[in-house]
Amino acid sequence: MTQADDFGFGTQIRKSPYFDATVRWGAKGFSVYNHMYIPRDFGDPEQNFWTLVNEAILCDVAVERQVEITGPDAARFVQMLTPRDLSTMAVGQCKYILITNADGGILNDPILLRLAENHFWISLADSDILLWAQGVAVHSGLDVQICEPDVSPLQLQGPKSGLVMQELFGESIMDLKYYWLREVELDGIPLIVSRTGWSSELGYELYLRDGTMGDALWERIMAAGMQFGLKPGHTSSIRRIEGGMLSYHADADIHTNPYELGLDRLVNLDMEADFIGKAALRRIHAEGPARKQVGLVLDCNPLQGPNTTFWPITKGGETIGKVTSAVYSPRLEQNIALAMVTAADALIGTEVEVVTRSGAVSARIVERPFYDPKKKIAAA
């Protein structure tokens, strides 16, 4: 087996504090995200899915880099970056936000954490928001400091993740509410713990604040979780597509606006505060989006893995959009996909064709999310 210290494309792709541990625990393949390695293969993606939905998995998501914003004007500055109204955001709270450019295009869909009155972390999806934020700050006239701190998140996700957390931190951790955070220590390891994650399951994120302790933290969590069936894993494409969760660069990019994704709740055009893209989003809201995201069920043999290209969608011989994320769900026993189509064609029940690598297959537009046991989408 390739040794951890032999692996790599060179020093320009960074390794996380958990990299060696993930290789020891069976990581067989990596992708690149925010200029870092992320484990994407622990052997069997379907088994990874079942472990996630039945027990718990531990994922190295140190690639979720933090943009730290501090200073007297930190709150005003963060509000400039996002169309979501942050005026009621409390210290200790997290919020899912969009970061938009002047055209209303989405640059990132991160989690925002408020650690103190003038101390924020933007926990990133895959794009260079550190550079964007520093650029915006230059001419903002606001007193802020912006940097990337030594912070590396892990995701502990699945229905038994709460039991693992109790084993690690005691009963009091169960008081942590959805989309809230807490500062804790574990055997002298400094952490921020939040009840968040990218899985559509119960879960937590543990933000390590000292990269030298990555190996110790990984081993400590795995040891505590063994009795509950905890396994090392990777973020599950199957579960996140079932849950209708976005993957940046796949389901959204700089040319996608919030209204195309049905994320109107993350845009407040009426608030007094100004934000980048406000005028453009007002115009798009008034005119209505030209495209809309939909769910699709594809009528073909089970897909052997997620799509690696955008598949054209046709109707009556005309191209009306593209499949952005597709996968076979063993639980639903269906091929499911997120797609972007022209607004006029975004009607539940519409029959279309999808041009996959294996040829054209029939598909129909269905409601999202594909699987939501509580029959509601989290609104944090």
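For the structure, check the block above.
Residues numbered from 1 in each chain as written. Predicted model: local features only at pLDDT ≥ 70, side-chain atom pairs only at ≥ 80, totals over all residues. Heavy atoms only, no water.

Describing the pairing of strand E21 (residues 359–366)
Of the pairings in the sheet, the one linking strand E16 (residues 291–299) to E21 comprises five bridges and is antiparallel in character. Opposite Leu-298, over in E21, you have Ala-363 as the bridge partner. Sheet analysis places strand E20 (residues 351–356) next to E21, joined by six bridges and oriented antiparallel. Within the sheet, the bridge partner assigned to Glu-353 lies in E21 and is Ser-362. Hairpin connection, E20 to E21: the antiparallel pair is bridged by two residues. (Pairing = 2+ DSSP bridges. Helix = DSSP H or I, 4+ residues; strand = E, 2+ residues; numbered from the N terminus.)

Quick look at the sheet that holds strand E8 (residues 111–116)
What holds strands together in a sheet is hydrogen bonding between their backbones, with the strands either parallel or antiparallel. What the five strands build is an open sheet, ordered E5-E8-E9-E4-E10; its pairing is antiparallel. Of all the strands in the sheet, the pair left with one neighbour each is strand E5 (94–96) and strand E10 (145–147). In this sheet, adjacent strand axes meet at a mean angle of 20° when their direction is disregarded. Bridge count between strand E4 (residues 66–70) and strand E9 (residues 119–123): five bridges; the pairing is antiparallel. (Axes fitted to C-alpha atoms, helices over the stretch in contact; angles between N-to-C directions.)

Topic: the side chain of Arg-65
In this structure, Arg-65 sits in the loop between strand E3 (56–60) and E4. Classification of Arg-65 as buried rests on a relative accessible area of 8%. In terms of polar contacts, Arg-65 uses its side chain to reach the backbone carbonyl oxygen of Val-151, at 3.3 Å. Not counting residues within four places of it along the chain, the set of residues in contact with Arg-65 comprises Arg-14, Asn-34, Met-36, Ile-122, Ser-123, Leu-124, Glu-148, Pro-149, Val-151 and Ser-152. (Buried < 20%, exposed > 50% of the residue type's maximum accessible area, 1.4 Å probe, protein only. Polar contact = N/O pair within 3.5 Å; in protein donor to acceptor, adjacent residues only side chain to side chain. Contact = heavy atoms within 4.5 Å.)

Digging into empty space enclosed by the protein
On inspection of all chains with the given rule, the structure shows one cavity of 30 Å³ or more. The calculated volume of the largest cavity comes to roughly 40 Å³. Forming the walls of the largest cavity are Leu-52, Ile-57, Cys-59, Gln-155, Gln-157, Trp-198, Ser-199, His-234, Thr-235, Ser-236, Arg-239 and Arg-240. When contributions to the lining of the largest cavity are tallied by element, the ones reaching two or more residues are E3, strand E11 (152–157) and helix H7 (237–242). Within the lining of the largest cavity, the residues separate by chemical class into four nonpolar, six polar and two charged. (1 Å grid on protein atoms, 1.4 Å probe; cavity = no way out; pocket = protein on both sides within 12 Å on 5 of 7 lines; lining within 4 Å. Points joined across faces, edges and corners; volume = space filled by probe spheres on them. Nonpolar A, V, L, I, M, F, W, Y, C, P; charged D, E, K, R; others polar.)

What to know about the packing of helix H5 (residues 161–169) against helix H6 (residues 214–225)
Relative placement of two packed helices is described by the angle separating their axes and the distance separating the axes. Between H5 and H6, the least distance of the axes is 9 Å, while the angle of their chain directions is 115°. Between H5 and H6, the crossing angle belongs to the class labelled roughly perpendicular. As H5 runs across H6, the sense of the crossing is right-handed. Where H5 abuts H6, its residues Val-164, Glu-167 and Leu-168 lie against Arg-220, Ile-221, Ala-224 and Gly-225. (Parallel < 35°, antiparallel > 145°, perpendicular 65-115°, else oblique. Left-handed = near helix turned anticlockwise from the far one by under 90°.)

Some thoughts on the sheet that holds strand E14 (residues 203–208)
Ordered by their spatial adjacency, six strands build an open sheet running E12-E13-E14-E11-E3-E15, and the pairing between neighbours is mixed. Every interior strand has two partners, whereas the edge strands, strand E12 (181–186) and strand E15 (230–233), have only one. With direction set aside, neighbouring strand axes in the sheet form an average angle of 25°. Docked against the sheet, helix H2 (residues 45–54) engages E3, E11 and E15, running at close to 115° with respect to E3.

Take it as geometry only, folks, not as evidence of what the structure does.
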